[in-house]
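# Commentary on secondary and tertiary structure
So the chains spell out like this:
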Amino acid sequence: TGRVYMYEWGVGEDGSTYDTWTQCLEIDSGVAGTGKKFGQALEANDNGDILAVRSKAPGQAGMVEIFVRTSQSSDDSTQHAFTLVQTLTGTSNDGSSLNRGFGSSLAMNKDGTTLIIGAPGADTTDTVDAGKIYYYKWNADGSTNTYTLQQTIEAPDIQVNMRFGSTLDINDSG
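Read on for a plain summary of the structure. Note that this is a predicted model, so its numbers are computed, not measured. (Residues numbered from 1 in each chain as written. Predicted model: local features only at pLDDT ≥ 70, side-chain atom pairs only at ≥ 80, totals over all residues. Heavy atoms only, no water.)

### Here's the deal with the nonpolar core
- Counting 17 residues, the largest nonpolar core has Ile66, Leu88, Leu115, Ile117 and Tyr147 as the members making the most contacts within it.
- If you list the elements that add at least two residues to this core, you get strand S4 (50–55), strand S5 (63–69), strand S9 (105–108), strand S10 (114–119) and strand S11 (132–138).
- Apart from the residues within four sequence positions on either side, Ile117 is in contact with Val64, Leu88, Phe102, Gly103, Ser105, Leu106, Lys132, Ile133, Tyr134, Tyr136 and Leu168.
- Ile27, Phe38, Val53 and Phe67 belong to the second-largest nonpolar core, a separate cluster that totals nine residues. (Core = buried A, V, L, I, M, F, W, Y, C linked by side-chain atoms within 4.5 Å. Buried < 20%, exposed > 50% of the residue type's maximum accessible area, 1.4 Å probe, protein only. Helix = DSSP H or I, 4+ residues; strand = E, 2+ residues; numbered from the N terminus. Contact = heavy atoms within 4.5 Å.)

### Some points on the environment of Thr22
- Within the secondary structure, Thr22 is located in strand S2 (residues 18–27).
- C-alpha separation for the pair Thr22 and Trp9, spaced 13 residues apart in sequence, amounts to 6.6 Å.
- Ignoring sequence-local partners within four residues, the contact set of Thr22 consists of Met6, Tyr7 and Glu8.

### Here we look at the sheet that holds S11
- The antiparallel open sheet is built from four strands, whose spatial order is S9-S10-S11-S12. Either end of the sheet is taken by a strand with one partner, and the two such strands are S9 and strand S12 (147–154). Pairs of neighbouring strands in the sheet enclose a mean axial angle of 20°, with direction left out of account.
- Relative to S12, S11 runs antiparallel, the two being bridged by seven bridges. Paired with Ile133 across the strands is Ile153, a residue of S12. (Pairing = 2+ DSSP bridges. Axes fitted to C-alpha atoms, helices over the stretch in contact; angles between N-to-C directions.)

### Looking at the sheet that holds S5
- Across the sheet, four strands lie side by side as S3-S4-S5-S8; this open sheet has antiparallel pairing. Each edge of the open sheet is held by one strand with a lone partner, namely strand S3 (41–44) and strand S8 (82–89). Within this sheet the neighbouring strands show an average axis-to-axis angle of 20°, counted without direction.
- Two elements, S3 and S4, share four bridges in a ladder whose sense is antiparallel. When the sheet's bridge partners are listed, Ala44 is paired in S4 with Leu51.

### Description of the pattern of salt bridges
- In total, this model carries five salt bridges according to the counting rule given.
- Arg3 is paired through a salt bridge with Glu26; the nearest N and O atoms lie 3.3 Å apart. In this pair, Arg3 sits in the segment before strand S1 (4–11) while Glu26 sits in strand S2, placing the two residues 23 residues apart along the sequence.
- Accessibility expressed as a relative area gives 36% for Arg3, which makes it partly exposed.
- Taking the relative accessible area as the measure of exposure, Glu26 reaches 41% and is therefore partly exposed. (Salt bridge = Lys/Arg side-chain N within 4 Å of Asp/Glu carboxyl O.)

Here you go:
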């Protein structure tokens with residue numbers, strides 16, 4: 001099923017030197033199911049307040065769950081918490097969810113307003129595993145605080161098993 005563990009860098013035993021990683025949170029999938037491999041890939045914005053986590057269950061296209069930090073602070077301590085706000089899934093033109101690899105690669109810009117999701121197993125009408133990339137924008141309408149699909153990009157040169165979108169990167173500004 002899988003789990004994401006969060007650690008924070010903090011002061012060690014001497015009380016004055018930052019030298020210790022401490023586990024501060026566990027995040028579980030908000031979607032029921034077994035064998036999902038939740039946490040297989042993840043991406044976070046630089047502030048660490050938007051987290052995209054990929055999972056893939058046998059017979060499914062893959063999904064990316066979007067979590068937002070909802071931590072509360074008091075007395076110089078922080079109780080870390082994240083809330084699931086959205087689940088993005090991959091489906092084919094025919095509605096099938098098989099063999100797409102949706103979320104196999106993820107890239108997010110510095111502030112989290114742009115999320116790129118690769119689906120290297122996506123088929124085109126004539127080509128197996130040609131691959132696709134999905135471009136999402138955060139809060140595109142100014143009110144939802146979720147990602148909205150802006151564009152689907154297919155490989156410029158389609159070949160069998162090309163697996164376009166296997167590796168992604170994006171600059172800080174998106």
